[in-house]
Amino acid sequence: MKIKLIQPAMLPRPMDTKLKTRMSPSLALLTITNLTPKEHEVIIENENVEKIDFDEPVDLAAITVTVDVMNRAVEISKEFQNRGVTVIAGGIHITADPEGAADNFDAICVGMAERVWTRILRDKENNSLKKIYCDMESIAGKEIVSPDYHSIDDKKYLYTNIISTSRGCPFKCDFCYNSCKNVPKTYINRPIDDVIKDINALKTRHIMFIDDNFIGNPKWTKKLLKEIKPLKLKWNAAVTSNIVDIPELLDEMEVSGCQSLFIGFESINDKSIDSVHKIQNSVNRYEKLVDEIHKRGIMINASFVFGLDEDDVSVFKDTLEWIVKNKIETVTSHILTPYPGTKLYSSLIEEGRIVDYNLSNYNTAHVVYKPKNMTAEELYNGYLWIYKEVYTFKNIMKRLPKSKNQWIPFLAFNFFYRKFGKLTELLCSVVSFENVGRFFRWLAYCIK
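- The name recorded for the protein chain in an unreviewed UniProt entry is Radical SAM superfamily protein, from Clostridium luticellarii.
- Among the UniProt annotations of the protein chain, the heading Cofactor (unreviewed entry) holds the following wording: "[4Fe-4S] cluster".

**Quick look at the sheet that holds strand 10 (residues 206-209)**
In step 1: Spatially, the six strands line up as an open sheet ordered 7-10-11-12-13-14, and their pairing is parallel. Looking at which strands have only one partner, the edges of the open sheet turn out to be strand 7 (162-163) and strand 14 (330-335).
In step 2: Pairing between strand 13 (residues 299-306) and strand 14: six bridges, direction parallel. From the neighbouring strand, Val-305 faces strand 14, where its bridge partner is His-334.
In step 3: Helix 9 (residues 247-256) rests against strand 11 (234-239) and strand 12 (258-266) of the sheet, and its axis sits at about 140° to strand 12.

**Overview of the nonpolar core**
In step 1: Grouped together as the largest cluster of nonpolar side chains are 111 residues, with contacts concentrated most on Phe-105, Trp-235, Met-253 and Leu-261.
In step 2: Residues from two domains meet in this core; each of domain 1 (2-135) and domain 2 (161-446) gives at least three.
In step 3: Leaving out residues up to four positions away in the same chain, Trp-235 has contacts with Ile-207, Phe-209, Phe-214, Leu-225, Ile-228, Met-253, Ser-256, Gly-257, Cys-258, Gln-259, Ser-260 and Leu-261.
In step 4: In this structure, Ala-62, Ala-113, Val-116 and Ile-120 belong to the second largest nonpolar core, which totals 16 residues.

**Side note on the environment of Leu-60**
In step 1: Considering the arrangement of structural elements, one finds Leu-60 in strand 3 (residues 60-64).
In step 2: Leu-60 sits in the buried class, given a relative accessible area of 0%.
In step 3: Spatially, the C-alpha atoms of Leu-60 and Phe-80 are 8.7 Å apart, while their sequence positions differ by 20 residues.
In step 4: Ignoring anything within four residues of it in the chain, the contact list for Leu-60 reads Lys-2, Ile-3, Lys-4, Val-85, Thr-86, Ile-88, Trp-117 and Leu-121.

Cut-offs and rules
- Residues numbered from 1 in each chain as written.
- Predicted model: local features only at pLDDT ≥ 70, side-chain atom pairs only at ≥ 80, totals over all residues.
- Heavy atoms only, no water.
- UniProt positions renumbered as here; feature names shortened; annotations may be inferred.
- Pairing = 2+ DSSP bridges.
- Helix = DSSP H or I, 4+ residues; strand = E, 2+ residues; numbered from the N terminus.
- Contact = heavy atoms within 4.5 Å.
- Axes fitted to C-alpha atoms, helices over the stretch in contact; angles between N-to-C directions.
- Core = buried A, V, L, I, M, F, W, Y, C linked by side-chain atoms within 4.5 Å.
- Buried < 20%, exposed > 50% of the residue type's maximum accessible area, 1.4 Å probe, protein only.
- Domains from an automatic or database assignment.

As structure tokens, then:
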């Protein structure tokens with residue numbers, strides 16, 4: 001069969017540029033490519049970087065779906081179905097809300113694809129396709145299949161050096177997909193040897209680990225870091241704030257080449273944290289956490305969610321002051337978004353507070369519910385305001401890292417990617433995205 005794997009185009013948020021859409025390829029599609037038996041032909045089309053060729057003859061189209069691209073995924077499905085092409089959908093939104101998604105596709109994959117993808121292909125060939133495929137019971141890390149890195153056209157992306165070491169997360173925050181009833185409550189790590197093989201396959205010293213939680217199993221993470229230490233890598237990852245309680249793991253991160261950590265602080269208001277049951281966060285230890293990370297020469301990308309029920313309009317000014325005071329190197333902000341299937345979504349439905357059901361607006365940049373202690377307009381304007389203020393020239397310089405070795409990557413990211421991202425995007429159109437990608441990859445290697 002001839003199979004086309006599709007990533008629908010994301011809708012940019014107010015601060016996004018084409019740099020965001022071209023950040024990295026879909027590991028999901030690269031994994032599906034590796035799962036596909038060699039007798040089949042696979043074509044990958046990422047609508048963020050290229051047009052979908054609907055007229056190219058194919059037997060099967062498979063779409064990876066997040067909530068904000070669901071509407072576009074349905075449009076793509078109809079285009080293929082009108083041409084007699086069978087359409088399969090999978091991804092986190094399909095897993096979180098299979099009932100709301102199933103009717104739009106010929107079949108859906110709920111959860112990991114490792115056990116079911118070849119079954120889907122076989123059933124398609126035998127004209128016995130089922131509506132829902134799901135097989136996750138007692139799944140083990142050794143079953144996780146490596147992405148097919150050889151199928152990447154690295155000219156299209158800023159980074160292709162992305163690796164996942166695990167699936168899932170041990171925590172169940174109310175606004176997170178892990179709170180969904182259809183999402184298996186599992187956290188599994190891959191065999192360390194498999195991770196090392198992926199690192200070697202990428203043939204680079206800079207690695208981005210893109211796990212939901214790189215430290216979901218701290219003992220495993222510590223073993224991995226000891227194994228990669230001789231490789232002299234420079235790497236980044238996402239961790240939870242409870243790493244403040246594991247200083248020996250931070251030590252291993254420092255000596256194994258960690259350059260920055262993405263952390264979901266979410267709020268500096270402890271009542272807001274409690275309201276969504278983010279039990280791993282302790283607001284009164286945030287500053288200790290930041291200090292422990294910074295003194296090891298590691299930078300921080302802090303994520304914040306605005307619009308939690310304990311938030312009022314003061315949250316924006318207070319958060320900005322905390323960010324600047326603690327010299328947080330970069331910030332990712334979100335408007336609280338109740339993804340369908342999550343515990344938060346169910347609660348807001350019961351309270352009659354969902355006001356917008358257009359899934360294209362569920363990209364953390366729109367107010368789709370009634371906030372409790374501020375108006376929707378105040379929430380949206382505050383969200384825009386804090387992005388603008390964090391990246392003013394004055395606040396960029398106030399957040400300049402103490403270590404001079406970090407100045408170049410810090411200033412480059414804050415100015416070229418955030419503050420003057422539109423100008424950088426224009427530069428891409430003049431000198432080609434490939435050359436700008438080389439520039440950003442060079443910056444990554446400059447971090448000492």
